[in-house]
Amino acid sequence: FKMPSYKFAPAITIAQACCWYGILTLNFLAHAIEETIWAVMSAVVGLLLSTFIIFGTVDAQVWYLSVGGIAAITLYVYFMMKVDVPMYIEKWRTSTRLGKELMSIRIGRQDAWSRRVVTKEWKHWEPEVAWLTGYFSCAVWTSIALVHLSFDGDSGAGIVQEQLMNV
């Protein structure tokens with residue numbers, strides 16, 4: 001069965017809109033929704049990759065990449081649902097409990113453009129370290145590694161891309 005990548009675009013657009021809304025208004029619930037969308041989309045990709053394993057319609061290299069991808073996606077979804085999403089929900093609850101007002105998008109845009117508070121205090125970074133490390137290190141290195149994958153003989157990158165597009 002075939003699922004072109006453009007079918008993911010609406011969910012990605014909504015996730016990005018939630019991200020920017022959360023950044024500009026300081027509404028942490030928007031970030032929880034964004035991260036949930038990313039987790040669900042990743043789970044869908046994992047399910048699509050599982051078709052390679054179940055139906056065995058690809059060469060061995062793509063099959064092994066699928067297994068690795070499913071393992072990575074499983075860890076990612078677990079992290080998102082056990083660490084990241086609950087962190088944002090807790091931030092939202094705390095913010096609500098303390099009566100902090102949300103900024104309007106206009107005020108938030110002005111604030112984001114001008115406010116700069118640089119801190120090296122661990123207490124400000126500690127809750128964010130897990131996702132920052134995963135996003136700015138693990139994900140980046142994985143992306144770089146994917147670019148440098150090599151395939152033997154007739155199973156070049158074009159064939160792999162074609163097989164991936166025909167899932």
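Remember, it's a predicted structure, so these values are computed and weren't measured experimentally.

Conventions we followed
Every chain is numbered on its own, with residues counted from 1 as its sequence reads. Restriction of local features to residues with pLDDT of at least 70 applies here, the model being predicted, together with a cutoff of 80 or more for giving and counting side-chain atom pairs; totals for whole chains, interfaces and linings are based on all residues. Only hydrogens and water are set aside; all other atoms, that is, all heavy atoms of the structure, feed into the side-chain values. Each helix corresponds to a stretch of at least 4 residues labelled H or I by DSSP, and each strand to a stretch of at least 2 residues labelled E; elements are numbered beginning at the N terminus. Partly exposed describes any residue whose relative accessible area lies between the buried limit of under 20% and the exposed limit of over 50%, with all areas from a 1.4 Å probe on protein chains only and scaled to the type maximum. Computed by Shrake-Rupley with a 1.4 Å probe, the accessible areas treat only the displayed protein chains as cover when residues are assessed. Here, residues are in contact when the closest pair of their heavy atoms is within 4.5 Å. The residues that make up patches have over 30% relative accessible area and no salt bridge, and they are joined within 9 Å when like-charged or within 5 Å when they are Val, Leu, Ile, Met, Phe, Trp or Tyr. Salt bridge, as applied in this entry: a Lys or Arg side-chain nitrogen positioned within 4 Å of an Asp or Glu carboxyl oxygen. Here the expected span of a helix is defined as 1.5 Å times the quantity of residues minus one. Here the bend at a residue is taken as the angle between two axes, fitted respectively to the seven residues that end there and the seven that start there. Nine residue types can take part in a nonpolar core, namely buried Ala, Val, Leu, Ile, Met, Phe, Trp, Tyr and Cys, and a core is a set of them joined through side-chain atoms within 4.5 Å.

## A short note on the overall build of the chain
For step 1, the next point in the chain: Assigned secondary structure in the chain consists of seven helices and zero strands.
For step 2, the next point in the chain: Moving toward the C terminus, one meets the helices and strands of the chain in the order α-α-α-α-α-α-α.
For step 3, the next point in the chain: Relative to its 167 residues, the chain shows a buried fraction of 27%.
For step 4, the next point in the chain: Split by element, the accessible area of the chain, about 11,600 Å² in all, is 68% carbon and sulfur.

## What about the side chain of Ser95?
For step 1, the next point in the chain: Inspection of the secondary structure puts Ser95 in helix 3 (residues 60–97).
For step 2, the next point in the chain: Those residues in contact with Ser95 that sit more than four places away from it in its chain are Phe28 and Lys100.

## Let's talk about a nonpolar patch on the surface
For step 1, the next point in the chain: A cluster of nonpolar side chains, namely Ile53, Ile54, Phe55, Trp63, Tyr64 and Val67, defines an oily patch on the protein surface of about 610 Å² accessible area.
For step 2, the next point in the chain: Elements represented by at least two residues in the nonpolar patch include exactly helix 2 (28–55) and helix 3.
For step 3, the next point in the chain: In this fold, Ile53 is placed in helix 2.
For step 4, the next point in the chain: Given the relative accessible area of 32%, Ile53 is considered partly exposed.

## Regarding helix 1 (residues 9–25)
For step 1, the next point in the chain: Compared with the 24 Å implied by 1.5 Å per residue over 17 residues, the 24 Å span of helix 1 between its first and last C-alpha is a close match.
For step 2, the next point in the chain: Every buried residue of helix 1 is listed here: Ala11, Ala15, Cys18, Cys19, Gly22, Leu24 and Thr25.
For step 3, the next point in the chain: Its buried side turned inward, helix 1 meets helix 2 and helix 4 (105–114).

## Some remarks on helix 3
For step 1, the next point in the chain: With 38 residues, helix 3 should reach 56 Å at 1.5 Å per residue; the first-to-last C-alpha distance of 54 Å fits that figure.
For step 2, the next point in the chain: Where helix 3 bends most, the angle comes to about 40°, and this point is Met80.
For step 3, the next point in the chain: Gly99 sits one or two residues past helix 3 and shows a positive phi near 75°.

## Let's talk about the nonpolar core
For step 1, the next point in the chain: Core analysis: the largest hydrophobic core is formed by six residues, namely Phe8, Ala11, Ala15, Ile37, Met41 and Leu48.
For step 2, the next point in the chain: Where this core is concerned, the elements lending two or more residues are helix 1 and helix 2.
For step 3, the next point in the chain: A per-element tally of this core places helix 2 first, with three residues.
For step 4, the next point in the chain: Dropping the residues within four chain positions of it, Ala15 is found in contact with Glu34, Ile37 and Trp38.
For step 5, the next point in the chain: Formed by five residues, the second largest nonpolar core is a distinct cluster that contains Leu49, Phe52, Val58 and Val62.

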